[in-house]
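Fold and geometry: a report
Residues per chain are reported as follows:
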2 protein chains.
Amino acid sequence: MAQLRIALAQVNPVVGDLEGNCRLVVETAHEAAVAGAHLAVFPEMVVTGYPVEDLALRNSFVSASVKAVHALAARLAEEGLGELPVVVGFLNRREGVGARFGQPAGAPQNSAALLHGGEVRLTSAKHHLPNYGVFDEFRNFVPGDTLPVVRVRGADIAFAICEDLWQEGGPVTAVRAARAGMLITLNGSPYERAKDDVRLELCQRRARETGAAVGYVNMTGGQDELVFEGDSLIVDADGELVARAPQFTDALLVTDLRLPDAPDPAPEAAEADGIRIVRHTVSARPVAPYDPEPPLVAPRPDPLSDTGEVYRALVTGLRDYVRKNGFRSVLVALSGGIDSALTATIAVDALGAENVHGLLLPSKYSSDHSITDAEELAARQGVRTRTLAVQPVVDAFGDAVALDGLAAENLQARVRGTLLMSLSNQEGHLVLATGNKSELATGYSTLYGDSVGGYAPIKDCWKTLVWELSEWRNAQARAEGAAPPIPENSITKPPSAELRPDQLDTDSLPDYDLLDTLLDAYIGTDKGLRELVHDGFDPALVERVIRLVDRAEYKRRQYPPGPKISSRNLGRDRRLPITNRWTP
Amino acid sequence: MAQLRIALAQVNPVVGDLEGNCRLVVETAHEAAVAGAHLAVFPEMVVTGYPVEDLALRNSFVSASVKAVHALAARLAEEGLGELPVVVGFLNRREGVGARFGQPAGAPQNSAALLHGGEVRLTSAKHHLPNYGVFDEFRNFVPGDTLPVVRVRGADIAFAICEDLWQEGGPVTAVRAARAGMLITLNGSPYERAKDDVRLELCQRRARETGAAVGYVNMTGGQDELVFEGDSLIVDADGELVARAPQFTDALLVTDLRLPDAPDPAPEAAEADGIRIVRHTVSARPVAPYDPEPPLVAPRPDPLSDTGEVYRALVTGLRDYVRKNGFRSVLVALSGGIDSALTATIAVDALGAENVHGLLLPSKYSSDHSITDAEELAARQGVRTRTLAVQPVVDAFGDAVALDGLAAENLQARVRGTLLMSLSNQEGHLVLATGNKSELATGYSTLYGDSVGGYAPIKDCWKTLVWELSEWRNAQARAEGAAPPIPENSITKPPSAELRPDQLDTDSLPDYDLLDTLLDAYIGTDKGLRELVHDGFDPALVERVIRLVDRAEYKRRQYPPGPKISSRNLGRDRRLPITNRWTP
């Protein structure tokens with residue numbers, strides 16, 4: 001068996017920051033070298049950040065990426081890292097392909113490059129292009145058709161990119177024919193609730209299918225609506241977990257492995273399953289035997305309670321959205337309710353209390369507890385607040401135009417929205433929208449009112465999850481001996497928009513336990529009316545809720561982005577017509 | 001030669017209105033039968049409307065479409081139309097395909113059905129799935145692999161769907177092997193400026209390649225951001241134009257053709273280019289000889305001046321967006337400037353003056369002519385107006401929070417936005433946003449201010465095109481002996497946002513002739529900085545404009561939808577990251 005020390009670098013690149021991303025690779029490669037690694041592997045598209053979306057169709061961007069990866073190879077060598085083979089994801093183009101109607105302009109490819117001895121030794125492109133959910137890769141890339149197998153210190157290691165591990169056939173199938181001892185995939189795999197369990201099982205299955213150990217390196221951090229959790233891991237050829245990095249934290253997972261000696265001469269199979277096997281030797285001579293370090297297996301949160309995992313995903317998403325867009329502080333309207341309380345708490349955990357500004361905007365329908373609960377929240381967390389009176393402005397509008405009913409309710413929300421945006425413009429804070437997924441789904445919000453802002457941290461959380469997260473966060477504080485950050489009254493009181501006297505959410509909506517279950521079945525599983533009724537929901541309720549959801553499409557499109565924690569979020573990748581006369 | 005009278009039905013379905021769309025097919029089939037047609041062909045997805053986007057992934061929707069098409073076949077027969085073969089586009093599913101990771105759920109297909117004798121005789125699915133620009137069909141459909149050839153009155157007619165005509169290979173290539181006398185494609189082909197010329201040339205080229213006459217039937221009307229122009233046509237096997245329907249109008253194009261006698265027995269080729277040829281005979285016996293009617297070739301607008309064509313596309317888009325979303329009237333803020341003047345004029349042409357409500361919202365920075373020009377516009381077109389004072393509300397905000405600079409400017413725009421939305425809520429009008437493409441591109445607008453509304457009629461028109469369209473509309477009125485609808489002063493005065501004293505657009509932006517040329521090169525052709533400088537643009541200007549464009553991504557996402565008239569519009573199908581540190 002050949003011994004090998006492999007470094008999987010789960011890092012957090014920024015889309016478009018080619019210089020910063022390459023610097024990050026160099027710094028991390030230094031760490032890998034110091035740790036004695038024989039190979040360092042970085043995530044999918046680490047050079048450009050991921051996902052680049054239609055930037056891939058801009059020729060000058062592809063050229064910049066190709067240039068950057070060559071410069072990176074040279075720089076690694078200049079800094080004394082030329083002997084360490086480094087594999088990075090980058091944006092490449094397929095050369096020698098003419099323009100063809102329907103093909104992405106310039107034939108861009110989602111690629112991996114092997115850097116060694118100051119040069120790019122080998123490139124290979126993703127074969128399976130995901131084109132569902134958040135992914136539109138048929139739009140942006142042309143597929144690759146090779147499996148690179150690199151001989152490092154006498155072991156053969158194959159590389160593939162993300163989706164190639166998930167779909168049947170293609171490069172992963174070719175691994176067995178190539179008789180590689182290990183397969184390492186470069187990933188930009190967005191966080192979804194409980195996906196870590198699926199990911200481990202997938203790696204275990206692929207290991208058994210290919211007869212090779214499987215390494216999985218994933219990025220970290222937030223990019224627009226996506227959150228990457230890391231969770232890089234290695235399983236051996238039997239599918240046993242060997243090493244696993246923590247979630248939501250940058251990490252260098254350095255692991256000593258024993259891999260089969262590379263067959264000599266190399267196997268003849270040059271093609272399998274339509275995939276061309278491309279070989280390159282970095283070093284054929286095995287490492288002298290050494291005592292392996294014990295592998296790291298980062299402790300996992302209790303798999304039965306993933307609430308804390310979701311919470312950390314929301315914190316990560318918010319932190320990076322603010323930072324990567326050049327903001328330092330956020331502004332949140334504190335209503336005393338649970339949505340704004342949780343949003344502010346996430347913001348404090350992400351940015352520190354000194355960067356979170358609370359705004360109290362009571363109107364004449366605001367209850368006393370709306371102010372006291374908001375002040376209590378701010379006091380517990382050290383958030384500075386200001387109070388602005390909404391009523392005089394509402395009255396000034398009332399002098400200009402006579403409004404009643406829903407128009408008058410919406411007006412209050414819009415005055416609040418304008419005050420938030422005015423302070424944002426004046427002082428430079430990013431405004432956080434505090435709507436939850438149940439509201440977004442049913443359209444229970446005001447366009448240009450409570451929906452203003454640059455980011456919406458809990459937009460993919462059902463109301464019932466908002467309560468769970470709040471209770472989890474308080475329990476976590478108690479467990480750490482700290483005071484719970486969220487006032488209990490905000491958690492326990494009945495929710496209300498407070499836009500008219502004695503208003504409660506339950507005036508317009510069913511109880512949230514029932515509503516969320518129904519919404520999750522309609523949106524999360526695409527069930528139609530008949531199936532939902534068959535599942536036991538009241539037909540009149542199903543009809544009413546479906547109509548609410550379908551009619552709110554326009555509002556949802558105008559809502560700010562927010563971190564996705566489910567495959568069926570209500571963000572930009574939910575693609576439905578605005579004009580739609582069909583109700584299932 | 002076999003004689004045949006073919007009816008191409010360019011109609012305007014509504015997404016999701018299966019019942020209404022099927023009624024439209026039956027009514028139009030009646031007309032075709034009365035006109036003596038031997039075959040009637042409808043557009044792509046006429047049963048469901050197009051595009052259905054992710055509705056295709058909802059099993060109950062696919063089932064409803066399949067059920068509707070069978071019911072349609074039966075109803076046509078019940079109404080005495082059973083002998084007329086009718087071809088319609090509908091949403092189908094590929095049967096016998098198991099779920100596969102990465103494959104659209106339920107294996108939906110964008111299909112065509114031949115209805116005859118009360119039954120669905122044949123179905124076939126689109127082979128080439130467009131996945132660029134406004135299209136995401138890899139996300140929603142699985143491809144088909146058949147070419148249906150139907151024998152009607154002794155002539156063999158092949159059918160294909162939209163993209164299959166545009167891309168090389170596939171069904172169209174199989175037409176020659178099938179020795180069909182004619183190919184008819186069902187289309188949902190969105191309007192783009194000057195695309196009608198491209199479309200005709202494509203049909204001519206395919207006719208020569210396949211040796212078959214080519215019929216092209218396209219839908220009409222607006223659906224969300226898309227506009228369909230009709231422009232259905234027929235070319236003979238030599239590529240000569242035989243018949244052509246008008247643009248932007250529903251029409252039944254009935255044309256007598258002489259087609260080659262169908263080979264007897266049918267050719268043996270059962271497969272070509274990976275496409276299975278599927279044959280069905282409706283009627284083998286030719287029609288008794290008759291004197292053909294002269295074909296219709298609708299007159300085209302002057303090809304050198306397509307401004308009027310764009311104008312009609314904007315009117316069509318607005319009319320259908322309002323109608324299909326259940327609105328009857330619109331509300332427009334009239335500033336006296338050219339953008340609001342053109343928007344109101346389009347609205348009057350689309351909906352009638354009685355359904356257009358003008359709102360004058362002068363502030364202390366508004367010039368005298370801003371009011372007089374707006375009133376003049378309203379008077380010329382018979383639009384009712386109201387004037388609401390913005391300043392007292394702005395002052396009330398000023399009492400609540402101290403604002404200056406850009407924050408104070410934005411506040412005025414947001415007060416206007418809130419007044420518009422309040423009246424919309426109170427009275428039920430759809431608010432039209434009046435921003436143009438140059439503003440959207442550079443971010444020269446206020447979030448939740450001038451950007452509020454449900455639809456933005458001129459968002460895909462550069463400012464220079466806004467002037468052209470206004471002048472064209474006035475010239476058209478003069479040519480018809482009517483008074484020009486747009487005050488000349490609105491066209492000729494220098495543009496200003498009037499948010500501070502003596503403000504002009506040129507304070508912040510270069511001259512629009514130069515700006516629009518540069519923007520069109522950057523956005524329309526994806527050129528990078530170096531190429532733009534090479535084209536002669538000033539490097540400092542290019543850098544500044546690129547930065548403006550890239551930073552305005554978030555604002556653009558929040559902008560209301562509007563009709564697309566170019567392949568590089570700034571709507572929802574421009575997919576770029578918000579967080580992007582790259583400037584080319």
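Owing to the predicted nature of the structure, the values given are computational and were not obtained by experimental measurement.

Rules and cut-offs
Residues numbered from 1 in each chain as written. Chains lettered and ligands numbered in written order. Predicted model: local features only at pLDDT ≥ 70, side-chain atom pairs only at ≥ 80, totals over all residues. Heavy atoms only, no water. Contact = heavy atoms within 4.5 Å. Buried area = accessible area lost by both parts, 1.4 Å probe. Salt bridge = Lys/Arg side-chain N within 4 Å of Asp/Glu carboxyl O. Core = buried A, V, L, I, M, F, W, Y, C linked by side-chain atoms within 4.5 Å. Buried < 20%, exposed > 50% of the residue type's maximum accessible area, 1.4 Å probe, protein only. Pairing = 2+ DSSP bridges. Helix = DSSP H or I, 4+ residues; strand = E, 2+ residues; numbered from the N terminus. Domains from an automatic or database assignment. Polar contact = N/O pair within 3.5 Å; in protein donor to acceptor, adjacent residues only side chain to side chain. Nonpolar A, V, L, I, M, F, W, Y, C, P; charged D, E, K, R; others polar. UniProt positions renumbered as here; feature names shortened; annotations may be inferred. Least-squares fit on C-alpha atoms with pLDDT ≥ 70 in both.

What follows concerns the interface of chain A and chain B. Counting from both sides, the interface comprises 85 residues of chain A and, opposite them, 86 residues of chain B. Note on chain A versus chain B: buried area summed over both sides is about 7700 Å², and carbon and sulfur give 54% of it. Of all residues in chain A, A:R58, A:R575 and A:W582 bury the most surface against chain B, accounting for 10% of the area lost on that side. Counting the contacts that link chain A with chain B gives eight salt bridges. The salt bridge involving B:R557 is made with A:D224; its shortest N-O contact spans 4.0 Å.

By size, the foremost hydrophobic cluster in this structure holds 176 residues, and its most contacted members are A:V330, A:F397, A:V415, B:V330, B:F397 and B:V415. Discounting chain neighbours no more than four positions away, the residues touching A:V330 are A:V322, A:A347, A:L351, A:N355, A:V356, A:H357, A:H429, A:L430 and A:L432. Counting 45 residues, the second-largest nonpolar core is a separate cluster that includes B:A7, B:L18, B:A40 and B:F228.

Here we come to the sheet that holds strand β9 (residues 213–218) of chain A. All names here are of chain A. What the eight strands build is an open sheet, ordered β13-β12-β9-β8-β7-β6-β16-β15; its pairing is mixed. Strands with a single pairing partner mark the edges of an open sheet, and in this sheet they are β13 (241–244) and β15 (271–272). By the bridge criterion, three bridges tie β9 to strand β12 (residues 233–235) in an arrangement that is antiparallel. Looking across to β12, one finds that V214 is bridged to V235.

Residue and element names in this part refer to chain A. By domain assignment, chain A separates into domain 1 (2–283) and domain 2 (307–557). Inter-centroid distance (C-alpha atoms) of domain 1 to domain 2 is 39 Å. Facing 15 residues of domain 1, the contacting portion of domain 2 comprises 15 residues. In this structure, K459 and E225 form a salt bridge, with 3.3 Å as the shortest nitrogen-oxygen distance. Counting the contacts that link domain 1 with domain 2 gives eight residue pairs in polar contact (both at pLDDT 80 or more). Each residue belonging to the side of domain 1 that touches domain 2 can be placed in one class, and the counts come to six nonpolar, five polar and four charged.

Bringing the UniProt feature "binding site: deamido-NAD(+)" (unreviewed entry) in chain A into the picture now. The positions that UniProt labels "binding site: deamido-NAD(+)" (unreviewed entry) are, in the present scheme, A:N410, A:E439 and A:K555. Take A:N410: it is sitting in helix α11 (residues 405–427). Apart from residues no more than four positions distant in its own chain, A:N410 is found in contact with A:T446 and B:N425. Examined against the element boundaries, A:K555 turns out to sit in helix α19 (residues 553–558).

Once turned by 180 degrees and shifted 0.0 Å along the axis, chain A lies on chain B with an RMSD of 0.0 Å. The superposition operator between the copies reduces to a two-fold rotation axis. When C-alpha distances to the rotation axis are compared across chain A, the minimum falls at A:Q558, with a value of 2.6 Å. The residues that chain A uses at the interface reappear at the interface of chain B in 100% of cases, marking a shared surface.

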